[in-house]
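# Descriptive structure summary
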Amino acid sequence: MKLGVAIFHFKTLRNYDTIATGFPEQSEQRTSAKQMHDFAKQKHGTTAKEGMRMRLRPCIDIHDGRVKQIVGGSLSDLNVGETNFISAEGGAFYGDLYRRLGLPGGHIILLNPVGTEEYEADRQTAREALAAYPGGLMIGGGITAENAAEFLDMGATHVIVTSYVFRDGRVDRERLDRLVREVGRDHLVLDLSCRRTDRGYCIATDRWQKLTDTYVTPETLTELKDSAAEYLIHAVDAEGKRKGIEAPLAKQLGEWGELPITYAGGVGSFDDLKELREAGQNRLDVTIGSALSIFGGSMELAEVIHYLEDSDM
């Protein structure tokens, strides 16, 4: 198991303040989810095709109450997973960092099974992150129609859902409609993370251990678009490995482009970012985990922000 420790000096953090990406200042006044949603629409348009530009969507993955980076697909109920990084910092540190850098739209993912002590520890760490960046972060992991509103009340702008809306390998429309009624489409992100198969990219649930009968296709994306504000899609086979992106998946997502989509998985270098920008036609946002310096990787966060702000197709 490879472990890392977050060493991130506040002198550096002050320098990062000067390269904030133009989103509303969050430090003194709470920004509502609706305000963040309206700002995103103003900045990027209503669809990915209407002038959207790749931006960084930060992440806070939480396991056993600690911020970690785990290799995608290696985690299950019986396996703690292959861990790339365990942070010495808590959720509040990362929430405050992202707030000060003006990086909204990031996602918190709770990795332990619902109903365990570890999951409750995950929730507490998430609560601290949300308090540090109110109106700036989404949350997923164990979300259902019954508890979704609780996470919005904690300060999340959106809830991120996968497993709950799939049953017997297919989308459970009744459950999905119930979620939309509970929180509203504008506060719902569908996580369609997928694994590569001979038939295409198959959506995976239950910590990406269970393959469904549903594939990431233009038809699937179109079918679900009226029930979500955006999509989050991890390329599971590449996630956490820092060995390159799933370019065919990124190309497919960029060609569709009717909702904001965040791609995650495999980015380990600036060459990978360039490839993702080109494959996704500059219509995809990106999440980078293990490769970032704040998670023990070699890609400096400040350089990533500069790159995405300054680079053109």
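This text gives an overview of the structure that appears in the document. Predicted model, so just to flag it, every value in this text is computed and none were measured.

About the cut-offs
- Residues numbered from 1 in each chain as written.
- Predicted model: local features only at pLDDT ≥ 70, side-chain atom pairs only at ≥ 80, totals over all residues.
- Heavy atoms only, no water.
- Buried < 20%, exposed > 50% of the residue type's maximum accessible area, 1.4 Å probe, protein only.
- Helix = DSSP H or I, 4+ residues; strand = E, 2+ residues; numbered from the N terminus.
- Pairing = 2+ DSSP bridges.
- Salt bridge = Lys/Arg side-chain N within 4 Å of Asp/Glu carboxyl O.
- Axes fitted to C-alpha atoms, helices over the stretch in contact; angles between N-to-C directions.
- Contact = heavy atoms within 4.5 Å.

### Structural notes on the pairing of strand E11 (residues 200–205)
Where burial is concerned, most of E11 is hidden: five out of the six residues are buried. Pairing of strand E10 (residues 194–197) with E11 involves four bridges; the strand directions are antiparallel. Within E11, the residue paired with Arg-196 across the bridge is Tyr-201. The antiparallel pairing of E10 with E11 creates a hairpin that spans two residues between the two strands.

### Topic: the pattern of salt bridges
This structure, assessed with the given rule, holds 18 salt bridges. With a shortest N-O distance of 3.4 Å, Arg-195 and Asp-237 are connected by a salt bridge. Here the residue Arg-195 occupies a position in strand E10, and Asp-237 occupies one in the loop between strand E13 (230–234) and helix H8 (247–256), the gap between them amounting to 42 residues. Each of Arg-55, Arg-57, Glu-230 and Asp-285 takes part in a single network of salt bridges with overlapping partners.

### Things to note about the sheet that holds strand E1 (residues 59–63)
Spatially, the 10 strands line up as an open sheet ordered E3-E2-E1-E4-E5-E6-E9-E13-E14-E15, and their pairing is mixed. At either margin of the open sheet sits one strand with a lone partner, and together these are strand E3 (83–86) and strand E15 (284–287). Strand-to-strand twist of the sheet, defined as the mean angle between neighbouring strand axes without regard to direction, takes the value 30°. Note: E1 against strand E4 (residues 106–110), four bridges, orientation parallel.

### Some remarks on the environment of Leu-130
Topologically, Leu-130 is positioned in helix H4 (residues 117–132). The exposure class assigned to Leu-130 is buried, which follows from its relative accessible area of 0%. Separated by 24 residues in the primary sequence, Leu-130 and Met-154 place their C-alpha atoms 6.9 Å from one another. Beyond its immediate sequence surroundings of up to four residues, Leu-130 is in contact with Ile-108, Leu-137, Ile-139, Met-154, Gly-155 and Ala-156.

### Examining the sheet that holds E11
Across a sheet, paired strands are connected by hydrogen bonds in the backbone, their directions being either parallel or antiparallel. Spatially, E10-E11-E12 is the arrangement adopted by the three strands of the open sheet, whose pairing is antiparallel. Each edge of the open sheet is held by one strand with a lone partner, namely E10 and strand E12 (210–215). Neighbouring strand axes in the sheet, compared pairwise and without regard to direction, differ in orientation by 45° on average.

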